[in-house]
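Okay, here's what each chain looks like letter by letter:
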Amino acid sequence: MWLLLLLPALLAAVLSCLRLVRAAATADSLTGAARPHPAEPVGVGLHETAYLAGGPTRVVDLALVLMAARGRLHLAHTGFTSVADPHGRTRLERAVIEEIGPDGQCPTGRLRDGLARHPAVLEIGGRLVQAGLATPAVVRDSTALAVRQVRQALVLSVLLLGGALALSAPGTGDAGSAVAWFSLPLILTSGTLLMARVDVHPYTRWATPAGQDVLDAVHIPRPALGARSTDDAVLTAVAVVGPAALPDARLRAALRY
């Protein structure tokens with residue numbers, strides 16, 4: 001009886017592992033199997049660093065912090081962002097003001113989600129992809145999906161093994177046979193996940209291995225006591241770490257939404 005449970009476990013394990021192998025091969029072909037020489041951080045500014053570290057959302061967080069520090073936005077701890085100066089100096093600032101809308105105020109969460117899809121933000125990622133520093137979205141999404149499917153196959157195998165043990169007649173040796181056979185999908189999926197940590201995990205990040213070299217080369221100075229949001233040390237920390245690096249507790253609370 002337990003053989004009927006073994007078949008779906010084997011099928012799910014084999015198919016999910018094959019998908020992950022294919023996703024890894026596609027990632028290698030699109031990003032370059034051979035790792036280039038470590039990239040120099042020349043020409044990569046704060047917004048590019050933010051994209052490599054946290055994607056479009058991190059770029060938006062950095063833009064909001066910059067505009068709030070310059071007095072162009074007001075970020076309330078209640079979860080709303082208001083326009084203080086409607087004249088954007090850069091394309092990204094104008095995109096922020098445009099996304100907020102004619103009312104001059106909108107929920108910060110909605111603003112972040114909308115800006116993350118704005119061409120002004122996506123173009124930053126496009127330039128980094130062309131330079132080989134950022135992982136293409138199709139590679140990152142397909143690889144992450146393949147890894148999730150292998151994990152789901154592993155969980156399914158464990159659950160079906162539990163069902164097989166429950167159906168095994170005591171004293172017949174069926175339980176031992178079930179464990180022995182179910183070890184095949186369990187070893188296959190768990191072994192594939194272990195290998196994926198080394199060979200596949202880099203392709204689930206925003207930065208390629210070359211882009212990770214750029215991030216590793218970024219020096220994050222320790223913000224001085226009483227540092228303001230306009231200080232280079234604070235802005236660099238926000239780009240690499242995120243809003244959690246802000247010394248201003250009220251500003252951190254405003255960006256939690």
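The following refers to the structure shown. The shown structure was predicted, so the numbers you read here are calculated from the model rather than taken from an experiment. (Residues numbered from 1 in each chain as written. Predicted model: local features only at pLDDT ≥ 70, side-chain atom pairs only at ≥ 80, totals over all residues. Heavy atoms only, no water.)

1. Focus: the packing of aromatic side chains
Summed over all chains, the structure comprises one aromatic pair. Summarising the aromatic geometry, the rings of Tyr51 and Trp206 are spaced 5.7 Å apart at their centres and angled 70 degrees between planes, so their arrangement reads as edge-to-face. Here Trp206 lies in the loop between helix H7 (174-199) and helix H8 (209-217) and Tyr51 lies in helix H2 (residues 46-69), a separation of 155 residues in the sequence. (Phe/Tyr/Trp six-rings, centres within 6.5 Å; stacked < 30°, edge-to-face > 60°. Helix = DSSP H or I, 4+ residues; strand = E, 2+ residues; numbered from the N terminus.)

2. Looking at the sheet that holds strand E2 (residues 80-83)
Strand order across the open sheet formed by three strands is E1-E2-E3, with antiparallel pairing between neighbours. In this open sheet, the two strands that pair with only one neighbour each are strand E1 (73-75) and strand E3 (105-107). For this sheet the average axis-to-axis angle between neighbouring strands, irrespective of direction, equals 20 degrees. In this sheet, E3 lies alongside E2 in antiparallel orientation, the contact comprising three bridges. The residue bridging Ser82 from the neighbouring strand is Gln105, located in E3. Packing of helix H4 (residues 108-116) onto the sheet brings it into contact with E2 and E3, and relative to E3 it is tilted by some 85 degrees. (Pairing = 2+ DSSP bridges. Axes fitted to C-alpha atoms, helices over the stretch in contact; angles between N-to-C directions. Contact = heavy atoms within 4.5 Å.)

3. Details of the pattern of salt bridges
All told, the structure shown has six salt bridges when counted by the stated rule. Close ionic contact of Arg127 with Glu48 constitutes a salt bridge, the shortest N to O distance being 3.4 Å. Pair noted here: Arg127 is in helix H5 (residues 119-130) and Glu48 is in helix H2, with a separation of 79 residues, a long-range link. When the shortest N-O distance is used, the salt bridge between Glu93 and Arg70 registers 3.4 Å. (Salt bridge = Lys/Arg side-chain N within 4 Å of Asp/Glu carboxyl O.)

4. Brief notes about the pairing of E2
Bridge count between E1 and E2: three bridges; the pairing is antiparallel. Within E2, the position partnered with Leu73 by the bridge is Val83.

5. Section: the layout of surface pockets
Approximately 200 Å³ is the volume attributed to the second largest pocket. Mapped by element, the contributors of at least two residues to the lining of the second largest pocket are E1 and helix H10 (249-254). With three residues, E1 is the single largest residue contributor to the lining of the second largest pocket. Partitioning the lining of the second largest pocket into residue classes produces five nonpolar, two polar and two charged. (1 Å grid on protein atoms, 1.4 Å probe; cavity = no way out; pocket = protein on both sides within 12 Å on 5 of 7 lines; lining within 4 Å. Points joined across faces, edges and corners; volume = space filled by probe spheres on them. Nonpolar A, V, L, I, M, F, W, Y, C, P; charged D, E, K, R; others polar.)

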